[in-house]
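Architecture at a glance
Take a look at the letters that make up each chain.
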Amino acid sequence: PENVAREREEGVPREARELCGFFGLDPLGAIGSGALLAAVPQAKAKALLSALGRARIPAAVIGKMTPRSAGRRLVIGGRSRPLPRFDRDELTKVL
């Protein structure tokens, strides 16, 4: 299966959007720094989010697994586009 990511503008902090804009970086390629991405069964997502919340660890559901035939897609505001691939963190462009 492939991933369909659903980005919400509020999911990228304002400061991150502004800094990435200043340096000409795509925030989707910079958010991997220090992040943990976990694929869990949908039936267990709510319990995991609750446990992480109790530990004061910010977490959110950001996508769902779909059939491979659907490809990798990013859905923003109901519009779908190919999910970008980053071979290296965007931050390395300015370091």
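This text goes with the structure placed above it.
Overview of the structure. The structure displayed is predicted, hence computed values, not measured ones.

This brings us to the overall build of the chain. Assigned secondary structure in the chain consists of two helices and four strands. The order of helices and strands in the chain, counted from the N terminus, is β-α-α-β-β-β. Expressed as a percentage of its 95 residues, the buried residues of the chain come to 15%. Pairs at least 24 residues apart make up 71% of the contacts formed inside the chain by residues separated by at least 6 positions. Surface exposure of the chain reaches about 7700 Å², of which carbon and sulfur atoms provide 58%.

Tracing the backbone through its elements, the reader meets Val94 in the segment after β4 (79–82). The class for Val94 is partly exposed, based on a relative accessible area of 38%. Counting along the chain gives 71 residues from Val94 to Phe23, while the straight-line C-alpha distance between them is 7.4 Å. Contacts of Val94, omitting those with residues within four sequence positions, involve Phe23 and Leu25.

Okay, the pattern of salt bridges next. A complete count under the given rule lists four salt bridges for this structure. Residues Arg14 and Glu15 are paired through a salt bridge, measuring 3.5 Å at the closest nitrogen-oxygen approach. Using a relative accessible area of 45% as the deciding quantity, one classes Arg14 as partly exposed. Salt-bridge contacts for Glu90 lead to Lys93; the nearest nitrogen and oxygen are separated by 2.8 Å. A single salt-bridge network, built from bridges that share partners, covers Arg14, Glu15 and Glu18.

Definitions and limits used
- Residues numbered from 1 in each chain as written.
- Predicted model: local features only at pLDDT ≥ 70, side-chain atom pairs only at ≥ 80, totals over all residues.
- Heavy atoms only, no water.
- Helix = DSSP H or I, 4+ residues; strand = E, 2+ residues; numbered from the N terminus.
- Buried < 20%, exposed > 50% of the residue type's maximum accessible area, 1.4 Å probe, protein only.
- Contact = heavy atoms within 4.5 Å.
- Areas by Shrake-Rupley, 256 points an atom, 1.4 Å probe, with all protein chains shown as cover.
- Salt bridge = Lys/Arg side-chain N within 4 Å of Asp/Glu carboxyl O.

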